[in-house]
Amino acid sequence: MRLTIFVSLVISLTALVDSALAKAPKTPQLWHHRTTQLAAVPQITWSDNASNLRGQLNQDFAFICPPNGYTYSVWGTDVYTDDSSICNAAVHAGLITTRNGGQVKIRIRPGARSYNGTTRNGVNSLNYGSWGGSFIFPGSRRSPGSLQWNSTASNLRGQLNQDFTFICPPNGYTYSVWGTDVYTDDSSICNAAVHAGLITTRNGGQVKIRIRPGARSYNGTTRNGVNSLNYGSWGGSFIFVR
């Protein structure tokens, strides 16, 4: 009899414990989720520029240029003022077409002392002086741009040992050159190329320059009808890659 009562009590207590556990709130289990969500690449208009990104140096931003674009102003070559149309600059750089548009990536760079205008891929970019912010297209292939005869390499200062190819148009004009073999980066690229014997003023032609650091002095000489000038210390130089 006592054994039966004891067993009944054990069964009752077990049922009570199970009931209590069933009603007790469960402690939430914390899961550490690692979510990898790719931000959608924003679509911009053909008039949009990068001026709102000024100061975010060496950061990359991707955009989609819609098809059937319109023409807006661009200043510079390879390095563009940050108020240039991003999409039109991308056409100038040979990355997309106005008709089809496409995705491009820009990298924010500091301002430059000057910007050289060239004509590439149907886009006529313009010269400009000092400006507070720039952008480039990282990893893009540089196709030769048609320089103006007063264009210099000063906007490329700091891109040491990088090569840039340009086309000087025929029937050129005379602009100042400083140095011999190593030229100040504010020398006329095309006139320096004539001085170096690579092209003629009448016919123009394609030239390749390499960006070098500044020199303590530059020696002027007369070569091929071009009178280059002496100069003292200067912050940037270029040479021709033959």
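Residues numbered from 1 in each chain as written. Predicted model: local features only at pLDDT ≥ 70, side-chain atom pairs only at ≥ 80, totals over all residues. Heavy atoms only, no water.

Pairing is mixed across the open sheet formed by 8 strands, whose spatial order is E6-E5-E8-E9-E12-E15-E11-E10. Edge strands, defined here as strands with exactly one partner in the open sheet, are strand E6 (123-124) and strand E10 (179-180). Pairing between strand E11 (residues 182-184) and strand E15 (residues 236-240): 2 bridges, direction antiparallel. Note on E15: the bridge partner recorded for Tyr183 is Phe238. (Pairing = 2+ DSSP bridges. Helix = DSSP H or I, 4+ residues; strand = E, 2+ residues; numbered from the N terminus.)

Attention shifts here to the environment of Ser151. Mapped onto the secondary structure, Ser151 falls in the loop between strand E8 (145-147) and strand E9 (163-168). A C-alpha to C-alpha distance of 9.5 Å links Ser151 and Asn191, two positions 40 residues apart in sequence. Apart from residues no more than four positions distant in its own chain, Ser151 is found in contact with Asn116, Gly117, Asn127, Ser187, Ser188 and Ile189. (Contact = heavy atoms within 4.5 Å.)

Ranked by size, the top nonpolar core spans 26 residues in total, and within it Phe166, Ile189, Val207, Ile209, Phe238 and Phe240 carry the most contacts. Mapped onto this core, the elements with two or more residues apiece are E9, helix H3 (189-195), strand E12 (205-213) and E15. Ala89, Ala93, Ile106 and Ile108 belong to the second largest nonpolar core, which has 22 residues in total. (Core = buried A, V, L, I, M, F, W, Y, C linked by side-chain atoms within 4.5 Å. Buried < 20%, exposed > 50% of the residue type's maximum accessible area, 1.4 Å probe, protein only.)

On to the state of the cysteines, then. Here the structure, examined in full by the defined rule, presents 2 disulfides. Through a disulfide, Cys65 is tied to Cys87; the S-S separation comes to 2.1 Å. On the sign convention where negative means left-handed, the S-S torsion of about -95° between Cys65 and Cys87 marks this disulfide as left-handed. Residue Cys65 is found in strand E1 (residues 60-65), and its partner Cys87 is found in helix H2 (residues 86-92); the two are separated by 22 residues along the sequence. Note that Cys168 is cross-linked by a disulfide to Cys190, the S-S spacing being 2.1 Å. Handedness of the Cys168-Cys190 disulfide follows from its S-S torsion of about -95°: it is left-handed. Here Cys168, found in strand E9, pairs with Cys190, found in helix H3; they are 22 residues apart in sequence, far enough to count as distant. Regarding the disulfides, the protein chain carries the connectivity 1-2, 3-4 under sequence-order numbering of its bonded cysteines. (Disulfide = S-S within 2.5 Å.)

All told, the structure shown has 6 salt bridges when counted by the stated rule. One salt bridge in this structure joins Asp82 and Arg54, with 2.8 Å as the shortest N-O distance. Taken together, the residues Asp82 in the loop between strand E3 (79-81) and H2 and Arg54 in the loop between helix H1 (2-23) and E1 connect sequence positions 28 residues apart. Residues Arg223 and Asp181 are paired through a salt bridge, measuring 3.0 Å at the closest nitrogen-oxygen approach. Of this pair, Arg223 sits in strand E13 (residues 222-223) while Asp181 sits in the loop between E10 and E11, and the two are 42 residues apart along the sequence. Residue Asp181 is classed as partly exposed on the basis of its relative accessible area, which comes to 40%. (Salt bridge = Lys/Arg side-chain N within 4 Å of Asp/Glu carboxyl O.)

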